[in-house]
Amino acid sequence: MAAVKRLKRVAALQPGFISFKSSAESDDLNSGRRKRVNKNKKKNWNKHSDIQDVEEFLDDVRLQERATGGLISEKPDDSLFFVDIGEQKKSVLPEVQERKKGKKSKSRPLRIDLILQHDSLVPPPKDVLAYQQPNAKKLRRIAENAEKLAAMGVLPRRQKRLLNRRPATKTSKAKTAANNFPDRPYYDLWGGEAKETADPYYLEQTGKRRVKRPEKLNAKPSILPAVEVIAPGGSYNPDFFSHQALLLEAHEVEVTRERAELRIERQLAVKREDTATEETVFQELVEGLVEEEEEEEDDVVSIRGGLQQEKKTEKERKRERADKIKSQQKQAARVFTDKKQQLFQLRSIQATLKRREQRTRERVAQRKANQEAEKSMPRRLGRLKFQAQDLEIQLSDEIPGSLRTLKPEGSVLKDRFKSMQKRNMIEPRERAKFKRRHKVKYVEKRAFREIT
Amino acid sequence: MGGLQKKKYERGSATNYITRNKARKKLQLSLADFRRLCILKGIYPHEPKHKKKVNKGSTAPRTFYLLKDIRFLLHEPIVRKFREYKVFVRKLRKAYGKAEWTAVERLRDNKPGYKLDHIIKERYPTFIDALRDIDDALSMCFLFSTFARTGKCHVQTITLCRRLTVEWMNYVVTSRSLRKVFISIKGIYYQAEVLGQLITWLVPYQFAHDHPTDVDYRVMATFTEMYTTLFGFINFRLYQTLNLVYPPKLDSKAESELKAEHEEDYAMDSESYLEKLSALSASLARVVATAEEEEENQLDQFPADGEDLENMEAREKEQKEQEAQNRLFEGLKFFLNREVPRESLAFILRCFGAEVSWDKSLCIGGTYNVTDETITHQIVDRPDIDKQYINRYYIQPQWVFDSVNAKMRLPVEDYFLGVTLPPHLSPFVEEKDGDYVPPEKLKLMALQRGEKHVQEEEEDDDDDDDDEEYNDEVDDEDLTEEKNLKKMEDQRSQGKQTLAVKVTPGKVKPWETGSVGNKVRLEKEEKAEEKRLAIMMMKKKEKYLYDKIMFGKKRTTREANKLAAKRKAHEDTSKAEKKQKKAKKQ
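Residues numbered from 1 in each chain as written. Chains lettered and ligands numbered in written order. Predicted model: local features only at pLDDT ≥ 70, side-chain atom pairs only at ≥ 80, totals over all residues. Heavy atoms only, no water.

(A) Broad picture of the packing of helix H3 (residues 31-41) of chain B against helix H6 (residues 77-97) of chain B. Residues and elements named next belong to chain B. Orientation of H3 relative to H6, taken along the N-to-C sense of each, is 150°, at an axis distance of 11 Å. Here H6 runs roughly antiparallel to H3, going by the angle between their axes. For H3 against H6, the interelement crossing comes out right-handed. For the pair H3 and H6, the contacting residues are Asp33, Arg36, Leu37 and Leu40 in the first and Ile78, Val79 and Phe82 in the second. In the contact of H3 with H6, the residues fall into 5 nonpolar, no polar and 2 charged. (Axes fitted to C-alpha atoms, helices over the stretch in contact; angles between N-to-C directions. Helix = DSSP H or I, 4+ residues; strand = E, 2+ residues; numbered from the N terminus. Parallel < 35°, antiparallel > 145°, perpendicular 65-115°, else oblique. Left-handed = near helix turned anticlockwise from the far one by under 90°. Contact = heavy atoms within 4.5 Å. Nonpolar A, V, L, I, M, F, W, Y, C, P; charged D, E, K, R; others polar.)

(B) Spatial organisation of a negative patch on the surface. All names here are of chain A. Taken together, the side chains of Asp50, Asp53, Glu55 and Glu56 define an acidic patch exposed on the protein surface. Here Asp53 shows up in helix H4 (residues 52-68). Assessed through its relative accessible area of 52%, Asp53 is described here as exposed. (Patch = residues over 30% accessible without salt bridge, like charges linked within 9 Å, V, L, I, M, F, W, Y side chains within 5 Å. Areas by Shrake-Rupley, 256 points an atom, 1.4 Å probe, with all protein chains shown as cover. Salt bridge = Lys/Arg side-chain N within 4 Å of Asp/Glu carboxyl O. Lys, Arg positive; Asp, Glu negative; His and termini not counted. Charge placed at Lys NZ, Arg CZ, Asp CG, Glu CD. Buried < 20%, exposed > 50% of the residue type's maximum accessible area, 1.4 Å probe, protein only.)

(C) Quick look at the interface of chain A and chain B. Taken together, the contacts link 70 residues of chain A with 105 residues of chain B. With both sides pooled, the region where chain A packs onto chain B buries about 7,800 Å², and carbon together with sulfur makes up 61% of that total. Where chain A touches chain B, the interface holds 14 salt bridges. A salt bridge links Lys186 of chain B to Glu392 of chain A; its shortest N-O distance comes to 3.7 Å. Counting every contact that joins chain A to chain B gives 37 residue pairs in polar contact (both at pLDDT 80 or more). Those elements giving two or more residues to the side of chain A that touches chain B turn out to be helix H12 (240-268) and helix H17 (412-422) of chain A. (Buried area = accessible area lost by both parts, 1.4 Å probe. Polar contact = N/O pair within 3.5 Å; in protein donor to acceptor, adjacent residues only side chain to side chain.)

(D) How the structure looks around the pattern of salt bridges. The final tally for this structure, using the stated rule, is 40 salt bridges over all chains. The residue Arg257 of chain A makes a salt bridge to Asp390 of chain A at a minimum N-O spacing of 3.2 Å. Taken together, the residues Arg257 of chain A in helix H12 and Asp390 of chain A in the loop between helix H16 (346-375) and H17 connect sequence positions 133 residues apart. Asp136 of chain B is the salt-bridge partner of Arg423 of chain A, the closest N and O atoms lying 2.7 Å from each other. Separated into two different chains, Arg423 of chain A in the loop between H17 and helix H18 (446-451) and Asp136 of chain B in helix H10 (residues 134-145) make up a pair that spans both. Residues Arg423 of chain A and Asp136 of chain B agree in their burial class; the two are buried. Where salt bridges share partners, they join Glu392, Asp415, Arg416 and Arg423 of chain A together with Asp136 and Lys186 of chain B into one cluster.

(E) Representation of the sheet that holds strand S3 (residues 178-183) of chain B within the structure. All names here are of chain B. Judged by pairing direction, the sheet is antiparallel, and its 3 strands sit side by side in the order S3-S4-S5 without closing on themselves. A single partner strand is all that each edge strand has here, and the edge strands are S3 and strand S5 (197-204). Taking the axes of each pair of neighbouring strands and ignoring which way they run, one obtains an average angle of 15° across the sheet. Pairing analysis gives 5 bridges linking S3 to strand S4 (residues 187-194), with the strands arranged antiparallel. Within S4, the residue paired with Leu178 across the bridge is Ala192. (Pairing = 2+ DSSP bridges.)

(F) Geometry of the packing of aromatic side chains. Enumeration over the complete set of coordinates arrives at 28 aromatic pairs over all chains. Both rings, one in Tyr187 of chain A and one in Phe233 of chain B, keep their centres 5.0 Å apart while their planes meet at 70°; by these two values the pair is edge-to-face. Placement of the pair is Tyr187 of chain A in the loop between helix H10 (157-164) and helix H11 (200-205) and Phe233 of chain B in helix H12 (residues 217-241), with the two residues belonging to separate chains. For the ring pair Phe144 of chain B and Phe147 of chain B, a centre distance of 4.9 Å and an interplane angle of 45° mean the geometry is tilted. (Phe/Tyr/Trp six-rings, centres within 6.5 Å; stacked < 30°, edge-to-face > 60°.)

(G) Just the nonpolar core, in detail. Residue and element names in this part refer to chain B. Residues Trp168, Leu178, Trp201, Phe329, Phe347 and Ile348 are the most contacted members of the largest nonpolar core, which totals 133 residues. With 13 residues, H12 is the largest single contributor of residues to this core. Phe88, Leu92, Val104 and Leu107 belong to the second largest nonpolar core, which has 6 residues in total. (Core = buried A, V, L, I, M, F, W, Y, C linked by side-chain atoms within 4.5 Å.)

(H) A look at helix H18 (residues 398-406) of chain B. Residue and element names in this part refer to chain B. With 9 of its 9 residues buried, H18 lies for the most part within the structure. Considered for burial, the residues of H18 that qualify are Gln398, Trp399, Val400, Phe401, Asp402, Ser403, Val404, Asn405 and Ala406. Immediately downstream of H18, the backbone of Lys407 shows phi near 60°, a positive value.

(I) Expanded view of the sheet that holds strand S7 (residues 355-358) of chain B. Residue and element names in this part refer to chain B. Taken together, 4 strands build an open sheet; the order of strands is S7-S6-S8-S9 and the sheet is parallel. Of all the strands in the sheet, the pair left with one neighbour each is S7 and strand S9 (393-395). Sheet twist, expressed as the mean angle between neighbouring strand axes with direction ignored, is 25°. When strand S8 (residues 377-379) meets S9, the two strands line up parallel, connected through 3 bridges. Note that in S9 the partner of Gln378 across the bridge is Tyr394.

(J) Region of the structure containing a positive patch on the surface. All names here are of chain B. A surface patch of like charges, here positive, comprises Lys86, Arg90, Lys91, Arg93, Lys94, Lys98 and Arg106. Checked against the element boundaries, Lys86 lands in helix H6. Take Lys86: its relative accessible area is 40%, and that puts it in the partly exposed class.

(K) Region of interest: the environment of Gln387 of chain A. Residue and element names in this part refer to chain A. With respect to the helices and strands, Gln387 occurs in the loop between H16 and H17. On the accessibility criterion, Gln387 (58% relative accessible area) is exposed. A C-alpha to C-alpha distance of 8.6 Å links Gln387 and Lys422, two positions 35 residues apart in sequence.

(L) The arrangement of a nonpolar patch on the surface in detail. There is a patch of nonpolar side chains on the surface, built from Ile51, Val54, Phe57 and Leu58 of chain A and spanning about 360 Å² of accessible area. For Ile51 of chain A, the location among the structural elements is in the loop between helix H3 (42-48) and H4.

(M) Geometry of the pairing of S4 of chain B. All names here are of chain B. Of all 8 residues that make up S4, 7 are buried, and the element is covered over most of its length. Taken together, S3 and the strand that follows it, S4, pair antiparallel across an intervening segment of 3 residues. As paired strands, S4 and S5 are joined by 8 bridges and run antiparallel to one another. Bridge pairing in S5 places Ala192 opposite Ile199. Between S4 and S5, which follow one another and run antiparallel, lie 2 residues, and Leu195 among them has a positive phi close to 50°.

Below is the structure:
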């Protein structure tokens, strides 16, 4: 086949070749390989058998019917042909035209209507389904039946099922209102509760009962009161002395702070000896010119002396050993005599023991006291230490004469916050610093440069 | 010695603690959520005793939690809610980004929320536990309710706090449980006694906020969230104990009275009821309408023996005093001028049974006008006032606060308009004997004892003399005590030296005849004698301690005396100055 195809192509390329059905042929060539189809299936017959001629014929028939209202071959001859007898009745035409002109404005249909008009002579086929209903009889019977049942009050099954269905579980879930909802309801939280009868292990495992809160958690982390009342000097119209006492306290705080600041400053200060004077500058300039060789030599000698070590003789070793034993014996004898002597020192020993005991007791008491004091102290809970807020005070000339002119001092919000930190409920923190991810690039604007 | 080497930090305190970051990872929460959870559950960081051990050899400062606490947190159902919320936020953000508005709406509808009721129940198993811990909640709610609605925190939170505080104030008014008030430069401190618990709270002045930057608002908001829940439940229970309707409703009678014509001028419909409640001028509705007979119920009398009887008498006396205090302002009719802090004054006055009203333009809920002839006191805070009624006192607001603290109606003369006020003393300070007591307080104590102090001083000099009197009194007392001490010391030293006890025949003294004053004196003498004997009978060790204590006392008295002298000097100088001024004027 391939050979035949190639032959055809070659032939087509030859000049002077005229194909019998040019377009089809070229199409065939381009479409590539011809399909080989098994015709042992009915589907394939339909699909692949060439029915072009039949179609063409049928098309032709349809065209003839459309155009002339029947097959031309079946038409009588006089409907197809007429006898030409030359020009005739010339006078009639103008009359007709005149009449047309007169009526034109009134009764001539629009062109669009003409276009849309059914111009075929074949009547459109009747749509059978428009008049018929499939299964009409059956449906009618069903409807009748349903009506009858409805009259009796029997619902069809589908409706019944719908009605019987449980209502969807409450269209909206019981939404938990936000905790800060202003009109939220409250109830008696500590009212009596029904005793649970189920197995406690089961309840706990299924999450139906909460794990018991350990007792230790109910202990407060500090013994300080929640609201510490300000000293009497903080009254809006204070007694003179209590006000002075408060001022003194604030003063003390300020003094310690200043002292700390000063100390840092002092530490940072440059020493007088470190500052350059004319002499030192000169010394530095001269420095490289002076040579110090003698010192180096000395160093070398000392190193050598340290390195040398002589070997001990046998005699020496023996003597050393004997010395050691002797000293040990001496020591032991000493201890023994001391112990003997202690018998006569019983009193003083007792006294020292007593003293020691007394000291431990004191220390225990002190430690206890410290621990007690620590309970009310802020603990170190994080990176930062607790820092008490500034004492709220009003200076003597700031004290208002009346409640109306009182200017509140400090912030209650801050007071609360610090109080919580002081009571070890939250760790002291500082505000998170803003960190730039990329460096800012400074660009000198051109216009700017031109001006300066 | 055989066996595996013990690894470090696998036992002991190192295993009892967990760092914050590890705990956070264990719970799979972000740091903010972890913080919130800890606050809600009441789990606080813990400082280990040996930090280096716990920190596995490192000395870097870290925040530690007890491992058991964190394990306990693992069981909390709220943790899951936090995670859900995180997912919700993520979804919502995505939907927004894609501009899927239906999805946004759907997600919004299904926003996960959580309740704190079970946590409150868990943290405070009984009502009294909760009541003991209410100080914080009160202060926080009062603070938040004064915030401006500027987006520093949720407006809803502010409204809720306001509602709860109003409920609380109404409860205190109805139960008449306020005890102390102290106006400080920071805010106003109140103390109330509710069901036997002393509760102190701090109320900031209105409009006094500059928002500090170094306060973590998120943390504070979390605390408030917890406290509002707690506070609400406590309020409910408290209202129940008083047989009041919760949420509070105004008495039907009062409500009809308060019906103003121009109500809508004050507040929106939704808010006007809360405003009316917060006016505090009307009483609340009760569940069962009862007459006022309730207050007449008496403490049950139990037959008791010996000491109990004394105790009971003391208790009875205390209760009587208490009742008297509760009726401090009963029958008085106050009118508040517009420049005084309305809310605090109305609250305090109502707490002690007074009737209060104010100008119509000041706030909703005023029941009578300035022109009412039955007004007994008008509280004014300006140097003078144009039109004065003859049949009422014009006083400065401090009178109310001082009277409450003194548990009696103080003489109004010291608090008239334009008068320099006596100092406002802190009622929270309790002086021990021997401490320095300011003369004003001494005067007050004398008044409380019922001693009539010299009235109608027209001049300052008289007043000062009076002060001096009291000072002298104190001095005298101190002096006598010191003398006694000295005498005793002498005796002791003598005893040591001679070890001889002489018995001298007693003499009948002329004042031992039987008049009342003498009897008292006799008793005093006897007591002193007993004391002396007791001191003589002391063991050496006890005596040492006793001496120490006495020395401390003496020191404090000495200091107090010094202070008093100082005060006197100060007053003398100020008086002299005044006189000079006067002379100059004349």
